[in-house]
Amino acid sequence: MIQEGLLSFLQAQPANKYYLAYSAGLDSHVLLHACAALQAQYPQCFQFEAIHIHHGLQAVADAWVEHAQQICTGLNLPLKLIYLNLKPVAGESLEAIARQARYQAFSSCLAADEILLTAHHQDDQAETFLLNALRGSGGAGLAAMPKVRSLGLGQLGRPLLAFSRVQLEAYAEQHQLDYVNDPTNAETQFDRNYLRHEILPRLQTRWPATSQTLSRAAAWQAEQQQILEQLLAQQLPPFAGSHAQTLSVQALKAVDELMQKALIRQWLHSLSFTLPSAKKLQHILTDVLGAASDARPCVKWQGCELRRYRDDIYALSPLSPHDPKQVLVWEDWEQDLYISSLDYWLSKELLIPSLKQQAKAENLPITVHFRQGGERLQREQGYSLELKHLFQTAGIPPWERERIPLIYLGDELRLVVGIYPKT
């Protein structure tokens, strides 16, 4: 039954290649085994590759890697190993950090027309529905886990959502699968484990079909959410800001608060950011929409920073650490220059001939600085311009200004990358 359901799913979601999220536990081993069986049966139709992630959080993780290698070799499936170096900060959820890092790793593997398959099943769906309900989630949260969604350049698929944990256990027993048991799955200090071991069994004693019912409720909610998102996507364009992927404060203020919340959530969803909590969303309305036009509000949550500049609202990934006091010497003008703190290459084409000629003639170094305040741009026409005024005229948001490379000839600021001179 599982192989038939998997085949039906794959036929509905054709891809150039399928990756399998393989932890070496029961659920992912069932998926791996079923995929290997389909590949053996239809060798021209499917190409699978397993991905095993070593989180570095448990002493047995190395043994799990060896186990995964043995199983994949036995099933004639290639295996990609990814090692994470997680450094959780005190107070942060280890579950959330590991999950975010895991999916970032998965996303980096996917090309267009490729799908990552995970082994989430019906009981996982019920747990997710309950967890999100207990957290006060809205429609998107109560829709729980979609069968297919985008991930990086490709997609993520969950072909086993229609099957229960009992069915997966029966499949594993029938095929005598050798899988590992993660001891942390029994630790009830984690919310999902507490639901799984303490709450759902009690609900199922009273209502045996609890998992199926909650999974069905999530599916209904997903349909409603999909319709809502389609309608909101049609409403969003008139609220666009003056820069790409921004929203206009004034346009949002023209509609009521309920519509503001709906439009902001839809905008963030379209940019693939994690949606904010109700409390954070209220902060956006009061601290960002309600701020003075010259204020610099910022509301942060996992994976996102929402900022305002003038009439535009920006949604950004958290800014990486950057030292604006660093100075880089551009010694080889025939090579691009790498700025490690920004993970950015400066093109050698920026060094215009007149700049290099003057540097040679006067034996002056060409260096890269970052804004400290008070800089003036020396123009070839013989006059200078305050950098602050240049940034304001160009509409550069404040948080970007100290990250824009400034190219100096000796002690003179001559080029502002991306702004002056215009290319």
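Look up a bit, the structure's there.
Residues numbered from 1 in each chain as written. Predicted model: local features only at pLDDT ≥ 70, side-chain atom pairs only at ≥ 80, totals over all residues. Heavy atoms only, no water.

Our next topic: the overall build of the protein. When helices and strands are counted, the protein shows 15 helices and 18 strands. Overall, the protein is about 85 × 55 × 40 Å in size when its C-alpha atoms are taken along their principal axes. Looking at the protein as a whole, 44% of its 423 residues are labelled buried. Taking as baseline every contact in the protein between residues at least 6 positions apart, the subset at least 24 positions apart corresponds to 65%. Roughly 22800 Å² of accessible area belongs to the protein as shown, and the carbon and sulfur atoms make up 50% of that amount. Averaging the coordinates of the 37 positive side-chain charges in the protein and doing the same for the 43 negative ones gives two points 7 Å apart. (Helix = DSSP H or I, 4+ residues; strand = E, 2+ residues; numbered from the N terminus. Buried < 20%, exposed > 50% of the residue type's maximum accessible area, 1.4 Å probe, protein only. Contact = heavy atoms within 4.5 Å. Areas by Shrake-Rupley, 256 points an atom, 1.4 Å probe, with all protein chains shown as cover. Lys, Arg positive; Asp, Glu negative; His and termini not counted. Charge placed at Lys NZ, Arg CZ, Asp CG, Glu CD.)

With 12 residues, helix H12 (residues 278-289) ought to run about 16 Å at 1.5 Å a step, and its terminal C-alpha atoms sit 16 Å apart, in line with that. Here H12 has its buried residues at Leu281, Ile284, Leu285, Val288 and Leu289. For H12, the angular spread of the buried residues around the axis is 115 degrees, confining them to a single face. Contacts from the buried residues of H12 go to helix H10 (249-253), helix H11 (257-270), strand E8 (298-301), strand E9 (304-309) and strand E10 (312-316). (Expected span 1.5 Å × (residues − 1). Arc of directions from axis to C-beta.)

Right, let's get into the packing of aromatic side chains. Per the stated rule, a full pass over the model turns up seven aromatic pairs. For the ring pair tyrosine 42 and phenylalanine 46, a centre distance of 6.3 Å and an interplane angle of 90 degrees mean the geometry is edge-to-face. Given a relative accessible area of 9%, phenylalanine 46 falls into the buried group. Ring pairing ties together the aromatic residues Tyr18, Tyr42, Phe46 and Phe48, which thus form one cluster. One cation-aromatic arrangement involves arginine 206 over tryptophan 207; the distance from NZ or CZ to the ring centre is 5.6 Å. (Phe/Tyr/Trp six-rings, centres within 6.5 Å; stacked < 30°, edge-to-face > 60°. Lys NZ or Arg CZ within 6 Å of the ring centre and 35° of its normal.)

We now examine the sheet that holds E9. The four strands are arranged E7-E10-E9-E8 in an open sheet whose pairing can be described as antiparallel. Looking at which strands have only one partner, the edges of the open sheet turn out to be strand E7 (247-248) and E8. Strands in contact with H11 are E7, E8, E9 and E10; relative to E10, the strand with the most contacts, it is inclined by about 45 degrees. (Pairing = 2+ DSSP bridges. Axes fitted to C-alpha atoms, helices over the stretch in contact; angles between N-to-C directions.)

A separate point is helix H7 (residues 165-174). Inspection of H7 places Arg165, Leu168, Tyr171 and Ala172 among the buried residues, and these make up the whole buried set. With its buried residues spanning 120 degrees around the axis, H7 presents them on a single face. Pointing more than 90 degrees away from the buried face of H7 are the exposed residues Val166, Glu173 and Gln174. In this fold, the buried residues of H7 make contact with helix H1 (2-12), helix H2 (26-41), helix H5 (122-134) and helix H8 (191-206). Within two residues after H7, glutamine 176 carries a phi angle of roughly 50 degrees, on the positive side.

Let's shift gears to the pattern of salt bridges. All told, the structure shown has 11 salt bridges when counted by the stated rule. The residue glutamate 49 makes a salt bridge to lysine 17 at a minimum N-O spacing of 2.5 Å. You can see glutamate 49 sitting in strand E2 (residues 48-54) and its partner lysine 17 sitting in strand E1 (residues 17-21), a full 32 residues away along the chain. We note that glutamate 49, like lysine 17, is buried. Several salt bridges share partner residues, and in doing so they unite Asp123, Asp124, Glu127, Arg165, Arg192 and Arg196 into one network. (Salt bridge = Lys/Arg side-chain N within 4 Å of Asp/Glu carboxyl O.)

Spatially, the six strands line up as an open sheet ordered E3-E2-E1-E4-E6-E5, and their pairing is mixed. Because the sheet does not close on itself, it has two edges, and the strands there are strand E3 (79-83) and strand E5 (148-151). Sheet twist, expressed as the average angle between the axes of neighbouring strands with direction ignored, equals 30 degrees. Across four bridges, E1 lies against strand E4 (residues 114-117) in parallel orientation.

Along the chain, glutamate 305 turns up in strand E9. Given the relative accessible area of 7%, glutamate 305 is considered buried. Within the structure, glutamate 305 has its side chain in polar contact with the side chain of arginine 307 (distance 2.9 Å). Those residues in contact with glutamate 305 that sit more than four places away from it in its chain are Cys298, Val299, Lys300, Tyr314, Ala315, Leu316, Ser317, Pro318 and Leu319. (Polar contact = N/O pair within 3.5 Å; in protein donor to acceptor, adjacent residues only side chain to side chain.)

Where H1 contacts H2, the two axes come as close as 10 Å, and the packing angle between them is 70 degrees. Accordingly, the angle class assigned to the pair H1 and H2 is roughly perpendicular. Across from Ile2, Gln3, Leu6, Leu7 and Leu10 in H1, the residues of H2 making contact are Val30, Leu31, Ala34, Cys35, Ala37 and Leu38. (Parallel < 35°, antiparallel > 145°, perpendicular 65-115°, else oblique.)

With that out of the way, let us pick up unusual backbone geometry. Of all residues except glycine, most have a negative phi; of all peptide bonds, most are trans. Cis peptide bonds are those with omega within 30 degrees of zero, and the linkage from tyrosine 420 to proline 421 qualifies with -5 degrees. Within the secondary structure, proline 421 sits in the segment after strand E18 (412-416). Of note in the backbone geometry, serine 272 takes a positive phi value of approximately 65 degrees without being a glycine. Within the fold, serine 272 resides in the loop between H11 and H12. In the Ramachandran plot, aspartate 343 falls in the positive-phi region, its phi being about 50 degrees despite a non-glycine side chain. Secondary-structure assignment places aspartate 343 in the loop between strand E12 (337-339) and strand E13 (344-346).

To continue, consider the side chain of arginine 401. Within the secondary structure, arginine 401 sits in helix H15 (residues 398-401). As a buried residue without a salt bridge, arginine 401 has its nearest oppositely charged side chain in glutamate 400, at a separation of 7.9 Å. If near-sequence neighbours (up to four positions away) are discounted, arginine 401 is found in contact with Tyr309, Arg371, Phe391, Gln392 and Ile396.

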